[in-house]
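# Working through the structure, step by step
One letter stands for each residue in the lines below.
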Amino acid sequence: MHPTDGPPQHEFFLMCDDLDAQLGEFRAQGVEITRPVSEQRWGKLTAIRLPSGAELPLYEALHPIAHSL
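These remarks concern the structure in this document. (Residues numbered from 1 in each chain as written. Predicted model: local features only at pLDDT ≥ 70, side-chain atom pairs only at ≥ 80, totals over all residues. Heavy atoms only, no water.)

### Looking at the side chain of Lys44
Locating Lys44 in the fold gives a position in strand β3 (residues 43-49). Judged by its relative accessible area of 13%, Lys44 falls in the buried class. Within the structure, Lys44 has its side chain in polar contact with the side chain of Asp20 (distance 3.0 Å). Discounting residues that sit within four places of it in the chain, Lys44 has contacts with Leu19, Asp20, Val37, Ser38, Glu39, Leu58, Tyr59, Glu60 and Leu62. (Helix = DSSP H or I, 4+ residues; strand = E, 2+ residues; numbered from the N terminus. Buried < 20%, exposed > 50% of the residue type's maximum accessible area, 1.4 Å probe, protein only. Polar contact = N/O pair within 3.5 Å; in protein donor to acceptor, adjacent residues only side chain to side chain. Contact = heavy atoms within 4.5 Å.)

### Looking at the environment of Glu11
Tracing the sequence through the fold places Glu11 in the segment before β1 (14-15). Classification of Glu11 by relative accessible area gives exposed; the value is 58%. Separated by 45 residues in sequence, Glu11 and Leu56 have C-alpha atoms that sit 9.7 Å apart.

### Describing the pairing of strand β4 (residues 55-61)
Burial analysis of β4 places 5 of its 7 residues in the buried class, which makes it a mostly covered element. Judged from the 2 bridges that link them, β1 and β4 form a sheet pairing that is parallel. Bridged to Leu14 within β4 is Leu58. Across 7 bridges, the pairing between β3 and β4 is antiparallel. (Pairing = 2+ DSSP bridges.)

### Regarding the sheet that holds β1
Across the sheet, which stays open at both edges, the 4 strands sit in the order β1-β4-β3-β2 with mixed pairing between neighbours. The sheet is open, and its two edges are formed by β1 and β2 (33-39), each paired on a single side.

### Details of the packing of aromatic side chains
Per the counting criterion, the structure on display carries 3 aromatic pairs. Both rings, one in Phe13 and one in Trp42, keep their centres 6.3 Å apart while their planes meet at 85 degrees; by these two values the pair is edge-to-face. Of this pair, Phe13 sits in the segment before β1 while Trp42 sits in the loop between β2 and β3, placing them 29 residues apart in sequence. Overall, Trp42 belongs to the partly exposed group, its relative accessible area being 26%. Both rings, one in Phe13 and one in Tyr59, keep their centres 6.0 Å apart while their planes meet at 90 degrees; by these two values the pair is edge-to-face. Of this pair, Phe13 sits in the segment before β1 while Tyr59 sits in strand β4, and the two are 46 residues apart along the sequence. Look at Phe13 and you get partly exposed, because its relative accessible area is 27%. When its relative accessible area of 11% is taken as the criterion, Tyr59 is described as buried. Linked through ring pairs, Phe13, Trp42 and Tyr59 together constitute an aromatic cluster. (Phe/Tyr/Trp six-rings, centres within 6.5 Å; stacked < 30°, edge-to-face > 60°.)

The quantities given are spatial measurements derived from coordinates; they are silent on function.
In structure tokens, the structure reads:
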């Protein structure tokens, strides 16, 4: 969750520790990568195709995270 000064909105991203390794696993399983990896100020971003046809964004954080397991 991130604060905003604008109207409320929502987005759902999955975060991973090693985006390149995760994408390799997805490719090996035939998962479609729908966006090339891009460098954002907060992390590396891409997306995969879900069975429904929708996209699910994935990112690797380059900022401190609130907690870790």
